[in-house]
Amino acid sequence: MNKVRTRFAPSPTGPLHMGGVRTALYCYLFSKINGGDFVLRIEDTDQNRYVEGAEEYILESLKWCGISPDEGFGIPASQEGGGGEYGPYRQSERKEIYSKYANQLIESGNAYYAFDTPDELVEMRERLKQAGVPGLQYDAVSRTGMKNSLTLSAEEVQANLDNGVPYVIRLNVPENEEIRFHDLIRGLVVVHSSNIDDKVLFKSDGMPTYHLANVVDDHLMKITHVIRGEEWLPSAPTHVLLYRAFGWEESRPEFAHLPLILKPDGNGKLSKRDGDRLGFPVFPLNWTDPESGNVSAGYKEQGYFKDAFINMLALLGWNPGDNRELFDLKELVEAFTIERVNKAGAKFDPDKTKWFQEQYLRSTSNDELAALFMPILKEEGIEKSIDYVSKVCGLMKERVTFVKDMLNGMYLFKAPTEYDEKTLRKKWKEHTPAIMQDLKDILLNIETFNAETIEVKFKSFLEEKELGFGAVLPNFRLLVTGQGMGPSMFEICELLGKDEVISRINSGLSKIANA
Ligand code: GLU
């Protein structure tokens, strides 16, 4: 069997959508699980839609996600696969190749020149509309009334070419035939050729269209599996015809068309607008629109870990066959199978995405979290030892989604200046200050000021005074942290140290008394 080779073939028409990242991920996983190569190719044949910065964005996004191509665009020549046996990997640099193959199709009668002007094409559609023809397409029937090398004489065609009359090259789709192919996800796909138009393969600007370039490149780059989004399924029959026309049927890649990613609410494909409307990113990284300067949010900058993002994407359309949900990239490479990719669209769930982030944050070591949290603290003007910050992370990580959310524990760095209104209203009673004074005396007498001892002393204090947790702990927390909720108070006290806890009780009591 040939070495498995997959490719991710984005067009640089804007920022890479998370659906695109999922396609890249599945291509990557499939190649890795089969010991194959993953190739990155840039499909920029539609120069009108080229967007400045999009190529760099694609490279940076894949890099952040850890989905690294073995070969292709953007890989330094020094790296294995970098120069690439099959390059260049940017289609605009391969023009001559496509022109040669387009001519080959003309010669074999599988494609033809069409000289119709834009106005004539509009007229054609108008005519078909009036006649009640459903498809309004340039095909085996309608082409007979048009200006192309199938209707014009050989001399007329030659004269047009010699005189530089603008033309396109179209695929000569057979008239009455069933086109069949197998899709790894969808099974047998059958399309009647009357539903396929004579697609333009080569344009008057000397550039191929997506269809021609895609098929030629997949063939020349020895791609064995074409894994791409469902939106390309309608193009697949055209591609099947092209492989046949070139005589490449034997080595035609297998197809796998991935399910759509759907809106969290309602139906339809997930779009950037859904993200704006419901407040979640649809792009891996921040994207600044080169024209408007508008910035669209990215998962990375929102604070997501790449493993959480990848894990979430992997499960949007694939399942491992059991209840397991947590897979980092390495584990995915072991677990992924294309057979377990669903046909049906996958609903995106922003809450579940946060859940993944929380799982990864919790399983990250305190020291690693501290390294990420320290620069954020620095921006807030706080500089503490890594040891201290690491302990803060240990206390906070069970209660936050993102590293930056640990700023909610600012009281672990600074004494509170405000006290939670609700706790004050509900819990602070007339006798509370006296209880807090007594508690303070107990704390003052603790020699080894650690969580365990504080807890023991605190509990015996409650017993002795015949007080419930609910009457004491929230108020104690209020004085020390200013908050109504948070991590274990005993751990907080150990971290802050005796002097700080006592001083906070004192100043809290006087501030609340004077409020
Ligand atoms: N250039 C196409 C895109 O932007 C690639 C489709 C394919 O993988 O064949 O999605």
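As a reminder, the structure under discussion sits directly above these lines.
Residues numbered from 1 in each chain as written. Predicted model: local features only at pLDDT ≥ 70, side-chain atom pairs only at ≥ 80, totals over all residues. Heavy atoms only, no water.

For a regular strand, side chains alternate in direction, first toward one face of the sheet and then toward the other. Counting buried positions over the 5 residues of strand β9 (residues 225-229) gives 5, a clear majority of the element. Looking at chain direction, β9 and strand β10 (residues 254-258) are connected through 5 bridges and run parallel. Along β10, the bridge assignment pairs H225 with E254. Handedness of the crossover joining β9 and β10 through helix α7 (residues 236-246) is recorded here as right-handed. (Buried < 20%, exposed > 50% of the residue type's maximum accessible area, 1.4 Å probe, protein only. Helix = DSSP H or I, 4+ residues; strand = E, 2+ residues; numbered from the N terminus. Pairing = 2+ DSSP bridges. Right-handed = clockwise from strand over helix to strand, strands pointing away.)

Here the focus is the layout of surface pockets. Put simply, the largest pocket is a space of about 1200 Å³. Considering the residues around the largest pocket, the lining is formed by 45 residues, among which P10, S11, T13, E231 and W232 are closest to the centre. If you list the elements that add at least two residues to the lining of the largest pocket, you get β1 (5-8), α1 (18-33), α6 (210-220) and β9. A per-element tally of the lining of the largest pocket places α1 first, with 4 residues. Split into classes, the residues belonging to the lining of the largest pocket amount to 19 nonpolar, 13 polar and 13 charged. Estimated volume of the second largest pocket: approximately 400 Å³. Considering the residues around the second largest pocket, the lining is formed by 18 residues, among which N2, K222, I223, T224 and S251 are closest to the centre. (1 Å grid on protein atoms, 1.4 Å probe; cavity = no way out; pocket = protein on both sides within 12 Å on 5 of 7 lines; lining within 4 Å. Points joined across faces, edges and corners; volume = space filled by probe spheres on them. Nonpolar A, V, L, I, M, F, W, Y, C, P; charged D, E, K, R; others polar.)

Further remarks concern the sheet that holds strand β5 (residues 168-171). Pairing within the open sheet is antiparallel, and its 3 strands lie in the order β4-β5-β8. Each having just a single partner strand, β4 (111-114) and β8 (200-202) make up the two edges of the open sheet. Across the sheet, the axes of successive neighbouring strands diverge by a mean angle of 45°, strand direction being ignored. The sheet contact formed by β4 and β5 spans 4 bridges and is antiparallel. Following the sheet pairing, A114 is matched in β5 by V168. (Axes fitted to C-alpha atoms, helices over the stretch in contact; angles between N-to-C directions.)

Taking 1.5 Å per residue, 14 residues should reach 20 Å; helix α13 (residues 366-379) reaches 20 Å between its end C-alpha atoms and fits that length. Contacts made by the buried residues of α13 are with α12 (350-362) and α14 (386-396). G381 occupies a position one or two residues after α13 and carries a positive phi of about 80°. (Expected span 1.5 Å × (residues − 1). Contact = heavy atoms within 4.5 Å.)

The nonpolar side chains of soluble globular proteins are, as a tendency, buried together. Ranked by internal contacts, the top residues of the largest apolar core, which has 144 residues, are L412, L443 and F476. Among the elements that make up this core, the one with the highest residue count is α1 (9 residues). Apart from the residues lying within four places of it in its own chain, the contact partners of L443 are F449, I454, F476, K498, V501, I502 and I505. In terms of nonpolar packing, the next biggest core, distinct from the first, is built from 8 residues, A114, M124, L128 and Y138 among them. (Core = buried A, V, L, I, M, F, W, Y, C linked by side-chain atoms within 4.5 Å.)

Our next topic: helix α18 (residues 469-481). Owing to its 3.6 residues per turn, the α-helix aligns residues three or four sequence positions apart on the same side. Over its 13 residues, α18 extends 17 Å from the first C-alpha to the last, a length consistent with the 18 Å expected when each residue adds 1.5 Å. The element α18 is extensively covered by neighbouring structure, given that 10 of its 13 residues are classed as buried. Here α18 has its buried residues at V472, L473, P474, N475, F476, R477, L478, L479, V480 and T481. Check the buried side of α18 and you find it contacts α15 (421-427), α16 (432-444), α17 (451-465), α19 (489-496) and α20 (498-514). Just past α18, the residue G482 takes up positive phi, approximately 80°.

What follows is about the site of the ligand. Within the structure, the ligand sits among R7, A9, P10, S11, E43, Y210, N214, R228 and W232. N214 is positioned such that a nitrogen or oxygen atom in its side chain is 3.0 Å from an oxygen atom of the ligand. R228 places a polar side-chain atom, nitrogen or oxygen, 2.9 Å from an oxygen atom of the ligand. Relative to its unbound accessible area of 300 Å², the ligand is 84% covered by the protein chains. At a threshold of 2 Å from the grid points, most atoms of the ligand map onto the largest pocket. Split by residue class, the shell around the ligand holds 4 nonpolar, 2 polar and 3 charged. (Near = heavy atom within 4 Å. Polar contact = N/O pair within 3.5 Å; in protein donor to acceptor, adjacent residues only side chain to side chain. Areas by Shrake-Rupley, 256 points an atom, 1.4 Å probe, with all protein chains shown as cover. Sits in = over half its atoms within 2 Å of the grid points.)

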